[in-house]
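Per-entry structural report
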Amino acid sequence: MAIVVGVLTGLLVAVCARWVLTRLPAHPAGTALVLVCPFAAYTAADAVHGSGVLAVVTLALSLSRYSDAESAQTRLVSLTTWEVVELLVTGAAFAFVGLELRAIMQSTPGSLTTLIVQALAVTAVVIVLRFAWIFPVATLDERLHRRRGAVAEPIGWREMTVSSWAGMRGVVTLVTALALPAAFPERDRLVFIAFVVVIITLLLQGLTLPVLVKVLRVSGDDAALDDLEQSLIRRAQDAGMRRLDELRAAGDVADDVVDHVEENAARMWHAIGLRDGDREPHGAPASDRIGEIDVVRDSMLAAAREVVLAARSESGTDPGVVDDVLRRLDARGTMP
């Protein structure tokens, strides 16, 4: 029941957040709302005896799926803000564990040697289980793609080995252990084991992963990702040009304003990442038309963003490429 309540609470907070985001100024109000939403979702779910963690996860998935509710400026500022918050939270989590570690070792029954052996055993199980999961699942996924006739990148034992070895644990493991109630059985032992698992996987797997990739000669398909990026930018460009044609046909904006935006758009698309096209601007706008030009340009960029956001849910599209292109569009939209 707690799971259902948590998910429903997260969805409700997401719907409310989307509604408010469309009516708030981008910054700082929009950014502040995005920061407050996870805490609101957790508190609301906890108040009705639901899972606060699932509420936050549901909220995050919902807002990322419908991120068009945020303005470009809100997305850019929120991204930077969350990077800082993530760094601070990660550091705080490790600091809290470090402060508790000595007390944990003293209060946990049994010798320190036994505690370390148990932690090492759990770490080994965690690493082995990832191998046991990745190999069959990756093989099955590739076969299912082939049966459906979909084009899938071949995955060999080298790629699966690298993917299995890349299972480093981090702050989520620590926070989960620290979130256990004080009266939870063997809580101190679990916190210590979680800390050891994180440290060993980060140091052992994290430091040796580049060496493993080099030894196995595994490399990403950079050409395919580049083609995907170029295709997505071209689709965004086409959508922007169609929006300009619609504005010109509607007659709500002077033709010379639309023409100016269209003529100077080539340089903008090149700055975003398109490799061909004219890079030079075609004259400076008259000072009394700058406001109109900005409105038309923003409309063009909004149409381009809609296409990029829609591509995120398409099968075979790399979310990282989509987010990168969207970030560039947002950055161009905030420039004068």
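Residues numbered from 1 in each chain as written. Predicted model: local features only at pLDDT ≥ 70, side-chain atom pairs only at ≥ 80, totals over all residues. Heavy atoms only, no water.

In the annotation of an unreviewed UniProt entry, the protein chain is listed under the name NhaP-type Na+/H+ or K+/H+ antiporter and assigned to Mycolicibacterium iranicum. Within the UniProt record for the protein chain, the comment given under Subcellular location (unreviewed entry) is "Cell membrane". (UniProt positions renumbered as here; feature names shortened; annotations may be inferred.)

Focus on helix 10 (residues 255-272)
Taking 1.5 Å of rise per residue, the 18 residues of helix 10 would be expected to cover 26 Å, and the 25 Å separating its terminal C-alpha atoms lies within 8% of that figure. The principal kink in helix 10, of about 35°, is found at Ala-265. All of the buried residues in helix 10 are Val-257, Val-258, His-260, Val-261, Asn-264, Ala-265, Met-268, Trp-269 and Ile-272. Gly-273 occupies a position one or two residues after helix 10 and carries a positive phi of about 145°. (Helix = DSSP H or I, 4+ residues; strand = E, 2+ residues; numbered from the N terminus. Expected span 1.5 Å × (residues − 1). Bend = angle between axes of the 7 residues up to and from the residue. Buried < 20%, exposed > 50% of the residue type's maximum accessible area, 1.4 Å probe, protein only.)

Comments concerning the packing of aromatic side chains
Counted according to the given criterion, the structure contains 2 aromatic pairs. Relative to Phe-135, the ring of Phe-131 lies with its centre 6.3 Å away and its plane at 20°, an arrangement referred to as stacked. Remark: Phe-135 and Phe-131 occur in helix 5 (residues 112-147); sequence separation between them is 4 residues, near one turn of the helix. For Phe-131, a relative accessible area of 26% corresponds to the partly exposed category. Take Phe-135: its relative accessible area is 28%, and that puts it in the partly exposed class. Members of the aromatic cluster, connected to one another through ring pairs, are Phe-131, Phe-135 and Trp-165. (Phe/Tyr/Trp six-rings, centres within 6.5 Å; stacked < 30°, edge-to-face > 60°.)

Regarding the side chain of Thr-201
As for its position among the elements, Thr-201 is in helix 8 (residues 187-216). For Thr-201, a relative accessible area of 0% puts it in the buried group. Side-chain polar atoms of Thr-201 contact the backbone oxygen of Val-198, separated by 3.1 Å. If sequence neighbours within four positions are ignored, Thr-201 has contacts with Thr-123, Met-168, Arg-169 and Gly-206. (Polar contact = N/O pair within 3.5 Å; in protein donor to acceptor, adjacent residues only side chain to side chain. Contact = heavy atoms within 4.5 Å.)

Here we look at a nonpolar patch on the surface
Together, Tyr-42, Val-53, Val-57 and Leu-61 make up a nonpolar patch on the protein surface, roughly 390 Å² of accessible area in all. By the element assignment, Tyr-42 lies in helix 2 (residues 26-47). (Patch = residues over 30% accessible without salt bridge, like charges linked within 9 Å, V, L, I, M, F, W, Y side chains within 5 Å. Areas by Shrake-Rupley, 256 points an atom, 1.4 Å probe, with all protein chains shown as cover. Salt bridge = Lys/Arg side-chain N within 4 Å of Asp/Glu carboxyl O.)

Overview of the pattern of salt bridges
Going through the model one piece at a time under the given rule, you end up with 12 salt bridges. Two residues, Asp-259 and Arg-248, come together in a salt bridge whose shortest N-O distance is 2.9 Å. You can see Asp-259 sitting in helix 10 and its partner Arg-248 sitting in helix 9 (residues 222-250), a full 11 residues away along the chain. The exposure class of Arg-248 is partly exposed, given its relative accessible area of 24%. Residues Asp-324 and Arg-328 are paired through a salt bridge, measuring 2.4 Å at the closest nitrogen-oxygen approach. Taken as a pair, Asp-324 and Arg-328 lie in helix 12 (residues 319-333) at a separation of 4 residues, close to a single helical turn. Overall, Asp-324 belongs to the partly exposed group, its relative accessible area being 24%. Taken together, the shared-partner salt bridges in this structure form one network comprising Glu-229, Asp-324, Arg-327 and Arg-328.

A look at the packing of helix 10 against helix 11 (residues 290-311)
Where helix 10 meets helix 11, the closest approach of the two axes is 10 Å, and the angle between their N-to-C directions is 55°. Judged by the angle between their axes, helix 10 and helix 11 are oblique. Seen from above, helix 10 lies across helix 11 with right-handed handedness. Of helix 11, the residues touching helix 10 (which contributes Val-257, His-260, Val-261, Ala-265, Met-268 and Trp-269) are Glu-292, Ile-293, Val-296, Arg-297, Met-300, Leu-301 and Ala-304. When the residues that make up the contact of helix 10 with helix 11 are grouped by side-chain class, the tally is 10 nonpolar, 1 polar and 2 charged. (Axes fitted to C-alpha atoms, helices over the stretch in contact; angles between N-to-C directions. Parallel < 35°, antiparallel > 145°, perpendicular 65-115°, else oblique. Left-handed = near helix turned anticlockwise from the far one by under 90°. Nonpolar A, V, L, I, M, F, W, Y, C, P; charged D, E, K, R; others polar.)

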